[in-house]
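Read off the chains here:
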Amino acid sequence: MKFDDYHITERIKEQLRKLDYKRPTDIQYKAISPILRGEDVLAIAQTGTGKTAAFVIPILEMIQRRKNKQRIDGIKCVVMAPTRELVVQIAEVFDTIGKKTQVKTLAVYGGVEQDPQIKKLEKGVDVLVATPGRMFDLINQLHIQLRRVDYLILDEADHMLDLGFYKDIEDIKKYLPGKHQTLFFSATINKKIKKLAHSLVSNPIRIQISPKDPVSKNVEHSVTFIEMNDKRFFLEQFIKDEKEAKILVFVRTKVRAERVRSAMDRVEIHTETIHGDIVQQHREKVLNNFKTGKNRVLIATDVSARGIDIPDVDFVINYDLPDEHPETYVHRIGRTGRGKKKGIALSFCSESEKEMLSKIEEFVTKKIKVLDISKDDYHDIMFSSSEQADSIASMMQEIEEVEAFRKKKAGKKKAKKNKKK
Ligand code: AMP
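Note that residues are indexed from 1 along each chain, following the sequence as it is written. Only residues with pLDDT of 70 or above have their local features reported here, since the model is predicted, and side-chain atom pairs are shown and tallied only from 80 upward, although totals for entire chains, interfaces and linings are computed over all residues. Only hydrogens and water are set aside when side-chain values are computed; all heavy atoms of the structure are taken into account.

Colleague: Hey, could you run me through the nonpolar core in this one?
Modeller: Generally speaking, a soluble globular protein has its nonpolar side chains buried in company with each other. Throughout, nonpolar core names a set of buried Ala, Val, Leu, Ile, Met, Phe, Trp, Tyr and Cys residues whose side chains join them through atoms within 4.5 Å. When accessible area is computed with a 1.4 Å probe and restricted to protein chains, residues below 20% of their type maximum are described as buried, those above 50% as exposed, and intermediate ones as partly exposed. Phe-55, Ile-57, Ile-59, Val-79, Phe-94 and Ile-97 are the most contacted members of the largest nonpolar core, which has 42 residues in total. Secondary structure elements follow DSSP: runs of H or I of four or more residues count as helices, runs of E of two or more count as strands, with numbering from the N terminus. Element by element, the count of residues in this core is highest for helix α3 (residues 51-69), at nine residues. We call two residues contacting when some pair of their heavy atoms lies within 4.5 Å. Excluding residues that lie within four positions of it along the chain, Phe-55 makes contacts with Ile-35, Val-79, Ile-90, Phe-94, Ile-153, Asp-155, Leu-183 and Phe-185. Membership of the second largest hydrophobic core comes to 34 residues, among which are Val-149, Leu-154, Met-160 and Ala-197.

Okay, here's the thing in structure tokens:
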């Protein structure tokens with residue numbers, strides 16, 4: 001089935017063609033028609049499957065249809081998502097696919113002043129995409145009214161629960177009109193999520209994408225064994241070998257992120273970092289630089305990168321394996337091979353991370369391909385590093401200086417002796 005075969009407005013189809021979306025992805029195929037029929041949906045799907053457009057396309061279509069008939073004020077659709085990045089990204093998908101429609105979308109999130117958001121709300125919004133914290137703040141201050149909402153969407157519900165929003169989400173119903181359609185998306189499922197989902201949806205269409213092997217088929221992933229202290233040399237080599245590529249590097253902590261950046265600085269490789277200590281404005285700049293290709297190597301921690309959709313990431317490097325949760329591995333490598341594109345992920349695994357590697361393999365239900373590095377190659381990579389070359393050069397210079405100093409000293413002593421004679 002092609003998008004051209006759907007009963008959706010040409011205004012949307014035109015944009016889909018511009019984005020080069022020809023056919024729906026699996027989740028889009030399974031979700032778009034039921035959503036258009038007005039059914040509730042409970043979908044287990046990760047980012048990278050095309051799940052955003054799976055709800056954006058039918059929601060835009062339904063709101064536009066209503067707008068064709070009559071003028072209706074007020075928010076018609078609320079999308080809740082766990083992070084500011086994800087909120088911005090979802091709003092962008094609404095804006096891009098809905099460019100030719102009359103549907104107005106606004107992203108609302110915390111960490112920035114609320115006044116500009118309130119001003120935009122006052123101008124009239126059809127689709128509100130929001131993080132739960134800021135949204136409930138604005139509801140409590142009566143800046144947001146949800147009485148006219150027809151569609152409620154929860155994206156990455158599992159992640160919102162991780163952030164402690166269970167009660168808030170459960171309570172959202174209080175603010176909505178009795179009759180509305182709910183679309184519930186989660187990357188993982190457990191008892192708690194099921195309970196929450198069932199308190200919100202009624203008689204839903206269930207969709208589960210690739211439950212057995214959660215890794216997208218478009219991602220080729222492998223692991224290579226590198227000692228912790230040597231990892232930077234291998235990253236340097238990798239970046240130098242892949243001169244044109246867009247590379248997303250995952251590390252465990254913000255301190256590690258900054259350390260890796262400094263290590264790359266030392267060998268004159270420009271990288272940027274994104275983690276919890278980077279202020280909002282700077283995060284957006286960093287993300288934008290990476291998106292536009294101004295910077296091609298982004299070093300990220302998990303929290304800051306979850307859900308982020310950056311097109312055309314050629315490689316994901318797991319510089320560190322994830323700390324605790326094996327599913328993080330799947331989220332990380334899902335940053336490449338988006339939509340129908342192919343992607344490559346490579347993990348640097350040290351001796352101390354082998355236990356985690358086994359847990360990940362258990363989670364993805366298969367062995368991860370091992371890229372063997374021969375002893376000679378390992379040695380060559382270590383010693384071809386500019387840092388090593390620099391330190392060898394500076395070591396040589398130091399030896400020469402010491403030698404010169406010694407000679408000079410010896411020369412002076414000799415001269416003194418000769419004088420005495
Ligand atoms: P998502 O899972 O929503 O984060 O989407 C992942 C990526 O897939 C995004 O970069 C989308 O632009 C892309 N995408 C979504 N739907 C399609 C489609 N039907 N054809 C090609 N690419 C798509």
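Colleague: Could you clarify how one ought to interpret the packing of aromatic side chains in this entry?
Modeller: Aromatic rings considered in pairs are described by the distance between their centres and by the relative angle of their planes. Whether two aromatic rings pair depends on their centres lying within 6.5 Å, for rings of Phe, Tyr and Trp, where Trp uses its six-membered ring; planes under 30 degrees apart make the pair stacked, over 60 edge-to-face, and the rest tilted. In this structure the tally under the stated criterion is seven aromatic pairs. Measuring from centroid to centroid gives 4.7 Å for Phe-234 and Tyr-378, while their planes differ by 55 degrees, and the two rings are tilted. In this pair, Phe-234 sits in helix α10 (residues 231-241) while Tyr-378 sits in helix α16 (residues 375-384), placing the two residues 144 residues apart along the sequence. Accessibility expressed as a relative area gives 6% for Phe-234, which makes it buried. On the basis of an interplanar angle of 90 degrees and a centroid distance of 5.0 Å, the ring pair of Phe-238 and Phe-315 is categorised as edge-to-face. Remark: Phe-315 occurs in strand β12 (residues 315-318) and Phe-238 occurs in helix α10; sequence separation between them is 77 residues. The pair formed by Phe-238 and Phe-315 is uniform in burial state, with each residue classed as buried. Taken together through their ring pairs, the aromatic side chains of Phe-55, Phe-94 and Phe-185 make up a single cluster. We call a charge positioned above a ring when the Lys NZ or Arg CZ atom is no farther than 6 Å from the ring centre and deviates by at most 35 degrees from the ring normal. A cation sits over an aromatic face here: Lys-246 above Phe-290, 5.4 Å from the ring centre. Sitting above the plane of the Phe-225 ring, Lys-354 keeps its charged end 4.8 Å from the centroid.

Colleague: Teacher, can you tell me more about the site of the ligand here?
Modeller: Lining the immediate environment of the ligand, one finds 15 residues, of which Tyr-21, Gln-28, Gly-48, Gly-50 and Thr-52 sit closest. Distance and chemistry together define a polar contact, namely a pair of N or O atoms within 3.5 Å, with one atom able to donate a hydrogen and the other to accept it when in protein, and with adjacent residues in sequence counting only for side-chain atoms on both sides. One of the backbone nitrogen or oxygen atoms of Lys-51 is found 3.3 Å away from an oxygen atom of the ligand. Computed with the Shrake-Rupley method and a 1.4 Å probe, the accessible areas treat only the protein chains shown as cover for residues. Relative to its unbound accessible area of 500 Å², the ligand is 88% covered by the protein chains. Classes in brief: Ala, Val, Leu, Ile, Met, Phe, Trp, Tyr, Cys and Pro nonpolar; Asp, Glu, Lys and Arg charged; the others, Gly included, polar. Per-class residue counts for the shell around the ligand are two nonpolar, eight polar and five charged. An automatic or database domain assignment supplies the residue ranges for each domain. Both domain 1 (3-209) and domain 2 (219-407) contribute no fewer than three residues apiece to the shell around the ligand. A single heavy atom is enough: if one lies within 4 Å of a molecule or strand, its residue is considered near that molecule or strand.

Colleague: Got a minute to help me understand the pattern of salt bridges in this structure?
Modeller: Once their charged atoms are close, side chains differing in charge can pair, the charge on each being opposite to the other. Here, a salt bridge means any Lys or Arg side-chain nitrogen found within 4 Å of an Asp or Glu carboxyl oxygen. Summed over all chains, the structure comprises 29 salt bridges. Arg-17 is paired through a salt bridge with Asp-4; the nearest N and O atoms lie 3.1 Å apart. One end of the pair, Arg-17, is in helix α1 (residues 10-18); the other, Asp-4, is in the segment before α1, and 13 residues separate them in sequence. Arg-17 sits in the partly exposed class, given a relative accessible area of 41%. By relative accessible area, Asp-4 is classed as partly exposed at 44%. Notably, a salt bridge pairs Lys-76 with Asp-126, separated by 2.7 Å at the nearest N-O pair. Taken together, the residues Lys-76 in the loop between α3 and β2 (77-80) and Asp-126 in the loop between α5 (115-122) and β4 (127-130) connect sequence positions 50 residues apart.

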